[in-house]
Amino acid sequence: MRNFKYSWEEYQKLPISKKKKLLIRNSELSYLIFAQQFERKVLEKLFTLADKIRFLSKSKEGADKLQTLLSHKRATLFFSQPSTRTFKSFYNACHILGIKTTELRDGASSSQKKGESPEDTILTFASYTDLIIMRNNEEWLAEKASWLLNKKNRVVKVINAGSGKDQHPTQALLDAYTLHQAFSKAKSGKKTIVIAGDLKRGRAARSLIYILKNFKDVKLLLISPEPLKIENDVRKFLLKNYIEFIETDKFKENLKKADVIYMTRIQDEYDVSNESKEIDYSTFHLKKSYLKLIKKDAVIMHPLPRRDEVDIEIDDDERAWYWKQERNGMWARASLIAYMFGIENDIMKINF
Ligand code: NCD
């Protein structure tokens, strides 16, 4: 009988290196909670697997074959925060692999309305399904779900699809997959990645920074209005991992240096007292007229949804990669799920 001895309070205090080990069970990645869990070797596997799943899905024969692989598995999509592409891409990623899905998107339609704790709701999902994919306002909930199921020795996997303003590891995965595609077409040499916007509360930006430790030869230009600069823990991470970075609030002036421009929207849903209204975000707007300033082979990304950070007219420019990036989300997520259920070799062996 395995002995998982940590109380929730003890568990939270563990260093990330220790947690990473506990999130793997029987040599399988059981819980994907934070972007620091991704290592270069696993990322390479996931990218190759995503390419293969995408290729197989193009033919009926390939798609049918993929759908047999996890047809005995069921997933719950527990999304209590708004979501369009993360929800849809996970939903379809499950179906690509034959996983049946149920969903809970509105706490008001569940027993949480009757006073049930989120922990009990999670245990209930675990009673019926093999995988819980969750997006919630509470930064701690996905991690707590993994702790709870681990402690109770329940063989149910958990994927964090966005934990408040803290982390969005699968967005980081699809961003890394998109960067990998962009860089494999580009000339070699150091790449400058601009990450612009709300870097304080943007979980996509935070998780992207964490996953970028796996990319050699990159330099980060972190551009944000002063009140929305990265938090200290992220700064410490960059220093500790020897990632070259500069922080500035000058957006337009720095565009010419960028090989990648990663735009983000202001995360005003996390305002405590309407503070976003006081911030001048208007200069963090990629205008069509700026296209002439940026490199011919630069890549423009955005986790979406956008407001007005990127002019719609830019969509037609071949440097606009955000729709491709969005499509990559489904393949990257299917790849991650396949990997977590240990079927990557079965997929790689399929030949037509
Ligand atoms: C992001 C998110 O929810 O954090 N969106 C997404 O998942 N594609 C970014 C955002 O909402 O700004």
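Since we're looking at a predicted model, the values are computed, not measured.

Below, the discussion takes up the packing of helix 3 (residues 40–57) against helix 11 (residues 322–340). Look at helix 3 against helix 11: their axes get within 8 Å of each other, and the N-to-C directions meet at 115°. When the interaxial angle is binned, helix 3 and helix 11 end up roughly perpendicular. As helix 3 packs across helix 11, the resulting crossing turns out to be right-handed. Residue-level inspection shows Val-42, Lys-45, Leu-46, Leu-49, Ala-50, Ile-53, Arg-54 and Ser-57 of helix 3 in contact with helix 11, the latter providing Asn-328, Trp-331, Ala-332, Ala-334, Ser-335, Leu-336, Ala-338 and Tyr-339. Looking at side-chain class alone, the contact of helix 3 with helix 11 contains 11 nonpolar, three polar and two charged residues.

Turning to the site of the ligand, a few remarks are in order. Taken together, the residues surrounding the ligand are Arg-85, Thr-86, Arg-135, His-168, Gln-171, Arg-203, Arg-265, Gln-267, Pro-303, Leu-304 and Pro-305. In this structure, Arg-265 approaches the ligand through a side-chain N or O atom, which is 2.8 Å from an oxygen atom. Note that a nitrogen atom of the ligand is positioned 2.9 Å from one of the backbone N or O atoms of Pro-303. When the ligand is considered free in solution it has 310 Å² of accessible area, and contact with the protein chains removes 94% of it. Its residues assigned to classes, the shell around the ligand comprises three nonpolar, four polar and four charged. Shared between two domains, the shell around the ligand takes at least three residues from each, and those domains are domain 1 (8–168 + 329–348) and domain 2 (169–327).

Below, the discussion takes up the domain arrangement of the chain. Partitioning the chain into domains gives domain 1 (8–168 + 329–348) and domain 2 (169–327). Placing the centre of domain 1 and that of domain 2 at their C-alpha centroids yields a distance of 25 Å. Tallying the contact residues gives 36 residues for domain 1 and 28 residues for domain 2. Taking both partners together, domain 1 and domain 2 bury about 2700 Å²; carbon and sulfur atoms supply 58% of that area. If you look at where domain 1 meets domain 2, you find two salt bridges.

Moving on: the pairing of strand 10 (residues 244–248). Across five bridges, strand 9 (residues 218–223) lies against strand 10 in parallel orientation. Counted as the bridge partner of Lys-219 is Glu-244 from strand 10. Traced from strand 9 through helix 10 (residues 232–240) to strand 10, the parallel crossover comes out right-handed.

Moving on, we get to the pattern of salt bridges. Across all of its chains, the model carries 23 salt bridges by this definition. With a shortest N-O distance of 2.9 Å, Arg-40 and Glu-44 are connected by a salt bridge. Residue Arg-40 and its partner Glu-44 are located together in helix 3, separated by four residues, close to a single helical turn. Taking relative accessible area as the criterion, Arg-40 reaches 26% and is therefore assigned partly exposed. On the basis of relative accessibility, which here comes to 38%, the residue Glu-44 falls in the partly exposed class. Two residues, Glu-326 and Arg-85, come together in a salt bridge whose shortest N-O distance is 2.8 Å. Of this pair, Glu-326 sits in helix 11 while Arg-85 is found in helix 5 (residues 85–96), placing the two residues 241 residues apart along the sequence. Relative accessible area serves as the criterion here: at 28%, Glu-326 is assigned to the partly exposed category. Because the salt bridges share partners, they merge into one network encompassing Asp-166, Arg-206 and Asp-233.

Here the focus is the nonpolar core. Ile-195, Ile-337 and Ile-347 are the most contacted members of the largest nonpolar core, which totals 72 residues. Viewed by domain, this core spans two of them, domain 1 (8–168 + 329–348) and domain 2 (169–327), each represented by three or more residues. Ignoring any residue separated from it by four or fewer positions in sequence, one finds Ile-337 in contact with Leu-70, Phe-90, Ala-93, Cys-94, Leu-97, Ile-99, Leu-131 and Ile-159. Listed in part, the 26 residues of the second largest apolar core include Tyr-6, Leu-104, Leu-141 and Leu-148.

Remark on secondary structure: sheet strands pair via backbone hydrogen bonds, oriented parallel or antiparallel. The parallel open sheet is built from five strands, whose spatial order is 10-9-8-11-12. Sheet topology places strand 10 and strand 12 (299–301) at the edges, where each strand pairs with a single neighbour. The sheet shows a mean angle of 15° between the axes of neighbouring strands, taken without regard to direction. The strands touched by helix 10 within the sheet are strand 9 and strand 10, with strand 10 carrying the most contacts at an inclination of about 150°.

Scoring rules and cut-offs
- Residues numbered from 1 in each chain as written.
- Predicted model: local features only at pLDDT ≥ 70, side-chain atom pairs only at ≥ 80, totals over all residues.
- Heavy atoms only, no water.
- Axes fitted to C-alpha atoms, helices over the stretch in contact; angles between N-to-C directions.
- Helix = DSSP H or I, 4+ residues; strand = E, 2+ residues; numbered from the N terminus.
- Parallel < 35°, antiparallel > 145°, perpendicular 65-115°, else oblique.
- Left-handed = near helix turned anticlockwise from the far one by under 90°.
- Contact = heavy atoms within 4.5 Å.
- Nonpolar A, V, L, I, M, F, W, Y, C, P; charged D, E, K, R; others polar.
- Near = heavy atom within 4 Å.
- Polar contact = N/O pair within 3.5 Å; in protein donor to acceptor, adjacent residues only side chain to side chain.
- Areas by Shrake-Rupley, 256 points an atom, 1.4 Å probe, with all protein chains shown as cover.
- Domains from an automatic or database assignment.
- Buried area = accessible area lost by both parts, 1.4 Å probe.
- Salt bridge = Lys/Arg side-chain N within 4 Å of Asp/Glu carboxyl O.
- Pairing = 2+ DSSP bridges.
- Right-handed = clockwise from strand over helix to strand, strands pointing away.
- Buried < 20%, exposed > 50% of the residue type's maximum accessible area, 1.4 Å probe, protein only.
- Core = buried A, V, L, I, M, F, W, Y, C linked by side-chain atoms within 4.5 Å.

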